[in-house]
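Fold and contact review
What follows is each chain in one-letter form.
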Amino acid sequence: MLTRALQLLPPESAHGAALWALRRGLVPAVTPPSSPRLATSFCGIDLAHPLGLAAGFDKNAAAVPGLFRLGFSFVEVGTVTPRPQAGNPRPRLFRLRAQQALINRMGFNNDGLEALRARLMERDPRWSPLGANIGANRDAKDPVADYVACLRGLYELVDYVAINVSSPNTPGLRELQGQARLDELLGALIEACSALAGGNRARPLLLKIAPDLAPDDEAALAEVALARGVDGLIVANTTIERPQIVPRRYRDEPGGLSGAPLFLKSTEQLGRFYRLTGGKLPLIGVGGILRGADAYAKIRAGASALQLYTALIYRGPRLVSRIIGELDRLLELDGYARLGDARGVDTGT
Ligand SMILES: Cc1cc2nc3c(=O)[nH]c(=O)nc-3n(C[C@H](O)[C@H](O)[C@H](O)COP(=O)(O)O)c2cc1C
């Protein structure tokens, strides 16, 4: 009902209204089915089930308790940049309803690091695990310094940090995925992380990648990630590709495409990264998860945990519960006692 009503509003207004309702507890709490089969973990973070909320929905941590009440097992806030920024001019978010997809060119609109820190300092620690996704300001002179500033500011306040080098909406950002630039960025972040940990186990650092990398670039990225000791990968962000299924009127709309048309591409990439990293790195699978079968396919392609965003726009508050129930049945049907037993089975490794 609420989901249908929101569909009548322009997409960004609907998003604002959904966050408002979530913040005020106006969305019913949903308890996903609990089953020992569904328990999983990534980077030492234990989860009752694998499905978390992807970055970009709650950029400023405005509605964290409400999002956990929808049943997500973890939530990633951000992308945050050191200084607040308005993002791109509107319209910058487009619904492709028949395709269960979105195109967005938000451009890291966010309240900035200090505002996010203030919200996270007030938060009830019961609402966890919580990740923060970090980026660079559009006009950053030294993007590496921007990432380091965000890491330092958020380190104590979250359970993991996701490094976003894959948004298509900040010019030049994706170039940070190139071997030399990535090595420099990860070197700086891992050094900062070790210093902050002061001899203790450092907070996990995950790298969120684009689905549009060329095969050689994927191999080079996996090599740098392993050599630098990144704790995990988030596969993947939105795509700049426009498959045939995208209606003609949206083909030339710049931005990242998410939802159902991203499913196959991001799941195949997940499988490639499982192989490239020899199954050694935890992978979070994201891109086009709408139902339990999609979640199951990502686990079989090598994911330890999952995230979604776009399906929430179309499928409403019972979504997490439905997907998790379906996933549990699919694991049971195939005779898996634990989710981890199904991890990577489709990759032939
Ligand atoms: C409107 C919108 C805004 C997004 N903003 C961010 C962001 O700030 N940072 C980020 O890492 N990913 C962002 N994403 C990408 C999602 O986190 C996710 O990787 C992508 O949408 C694929 O998952 P989905 O098909 O389930 O939506 C955004 C996606 C959408 C639709």
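Criteria and cut-off values
Residues numbered from 1 in each chain as written. Predicted model: local features only at pLDDT ≥ 70, side-chain atom pairs only at ≥ 80, totals over all residues. Heavy atoms only, no water. Near = heavy atom within 4 Å. Polar contact = N/O pair within 3.5 Å; in protein donor to acceptor, adjacent residues only side chain to side chain. Areas by Shrake-Rupley, 256 points an atom, 1.4 Å probe, with all protein chains shown as cover. Helix = DSSP H or I, 4+ residues; strand = E, 2+ residues; numbered from the N terminus. Nonpolar A, V, L, I, M, F, W, Y, C, P; charged D, E, K, R; others polar. Axes fitted to C-alpha atoms, helices over the stretch in contact; angles between N-to-C directions. Parallel < 35°, antiparallel > 145°, perpendicular 65-115°, else oblique. Left-handed = near helix turned anticlockwise from the far one by under 90°. Contact = heavy atoms within 4.5 Å.

Another aspect to go through is the site of the ligand. What surrounds the ligand is a group of 23 residues, the closest being Ala55, Thr79, Lys208, Gly288 and Thr310. Here an oxygen atom of the ligand sits 2.8 Å away from a polar atom, N or O, in the main chain of Gly288. Between an oxygen atom of the ligand and a main-chain N or O atom of Tyr309, the distance comes to 3.0 Å. Compared with its free state, where it exposes 610 Å², the ligand has 97% of that area covered by protein. Among the secondary structure elements, those contributing two or more residues to the shell around the ligand are β6 (101–104) and β11 (256–259). Within the shell around the ligand, the residues separate by chemical class into nine nonpolar, twelve polar and two charged.

Attention now moves to the packing of helix α5 (residues 143–154) against helix α6 (residues 179–197). Their axes nearest at 10 Å, the elements α5 and α6 cross at an angle of 25°. Here α6 runs roughly parallel to α5, going by the angle between their axes. Pair α5 / α6 crosses with right-handed handedness. Contacts between α5 and α6 involve Pro143, Val144, Tyr147, Val148, Leu151 and Arg152 from the first element and Arg181, Glu184, Leu185, Ala188, Leu189, Ala192, Cys193 and Leu196 from the second. Its residues assigned to classes, the contact of α5 with α6 shows eleven nonpolar, no polar and three charged.

Functional significance is not addressed by these values, which are geometric in nature.
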